[in-house]
Amino acid sequence: SDLTLWAGDKGHSFELHVDYITAILLTHLQGRKRVWLYPATQQGLLYLNQTGAYEGWGARSRMVGSSGSSRFPLSAEASPLVVDLQEGESLLIQCGWAHRVEYL
């Protein structure tokens, strides 16, 4: 098993992506963080692409900064769950759930 520490400053965000690993336990240490979660059943609406660093274990969305635009019409049908994490809170992200993270 691997342990990965992701850190970001206020205003930083991680683009919409999905990880094909068992699960992610996202624990927030300081400040606030907003997470947009899309169930695995909505992957077909998110324009995911398995290339580059994500090949084999995950996928990144091609619609960075453009969701809902005429270029990505299916994305307007996606319905995320939005969770705000406070210091010390944790969130379990299931395999196949696409997510985007923003540090507030």
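Presented here is a report on the structure given in the accompanying data block. Fair warning: this is a prediction, and the values are worked out from it, not measured in the lab. (Residues numbered from 1 in each chain as written. Predicted model: local features only at pLDDT ≥ 70, side-chain atom pairs only at ≥ 80, totals over all residues. Heavy atoms only, no water.)

## A few points about unusual backbone geometry
Quick reminder of the rule: A run of DSSP states H or I qualifies as a helix once it reaches four residues; a run of E qualifies as a strand once it reaches two. Both are numbered from the N-terminal end. Partly exposed describes any residue whose relative accessible area lies between the buried limit of under 20% and the exposed limit of over 50%, with all areas from a 1.4 Å probe on protein chains only and scaled to the type maximum.
Residue Tyr47 is not a glycine yet carries a positive backbone phi of 55 degrees. The topology assignment puts Tyr47 in the loop between β3 (33-38) and β4 (48-49). The buried category is assigned to Tyr47, whose relative accessible area is 15%.

## As for the side chain of Gln42
Selection criterion: Residues adjacent in sequence count toward polar contacts only when both atoms are side-chain atoms; beyond that, a polar contact is any pair of N or O atoms within 3.5 Å, and within protein one must be able to donate a hydrogen and the other to accept it. Note on definitions: a residue-residue contact is assigned when non-hydrogen atoms from the two residues lie within 4.5 Å.
Relative to the helices and strands, Gln42 resides in the loop between β3 and β4. Side-chain polar atoms of Gln42 contact the backbone nitrogen of Ser79, separated by 2.9 Å. Residue contacts for Gln42: discarding those within four places in its chain leaves Ala78 and Ser79.

## What about the pattern of salt bridges?
Where we set the bar: We define a salt bridge as a contact between a side-chain nitrogen of Lys or Arg and a carboxyl oxygen of Asp or Glu at a distance within 4 Å.
Tallied over the entire structure, the rule returns 2 salt bridges. Arg34 serves as the salt-bridge partner of Asp84, at 2.6 Å between the closest nitrogen and oxygen. Of this pair, Asp84 sits in strand β6 (residues 81-85) while Arg34 sits in strand β3, placing them 50 residues apart in sequence. A relative accessible area of 32% places Asp84 in the partly exposed class. For the salt bridge of Glu102 with Arg100, the shortest nitrogen-to-oxygen distance reads 3.9 Å. Taking relative accessible area as the criterion, Arg100 reaches 27% and is therefore assigned partly exposed.

## Some details on the nonpolar core
Filter applied, for reference: Residues belong to one nonpolar core when they are buried, are Ala, Val, Leu, Ile, Met, Phe, Trp, Tyr or Cys, and are joined through side-chain atoms within 4.5 Å.
The biggest cluster of nonpolar side chains holds 9 residues, and these are Leu26, Val35, Leu37, Leu85, Leu91, Ile93, Trp97, Val101 and Tyr103. The set of elements that each furnish at least two residues to this core consists of β3, β7 (90-94) and β8 (98-103). Setting aside residues up to four positions removed in sequence, Tyr103 forms contacts with Trp6, Ala7, Gly8, Asp9, Lys10, Gly11, His12, Phe14, His28, Arg32 and Lys33. If you look at the next biggest cluster of nonpolar residues, it comprises 8 residues, including Val18, Leu46, Ala78 and Ala98.

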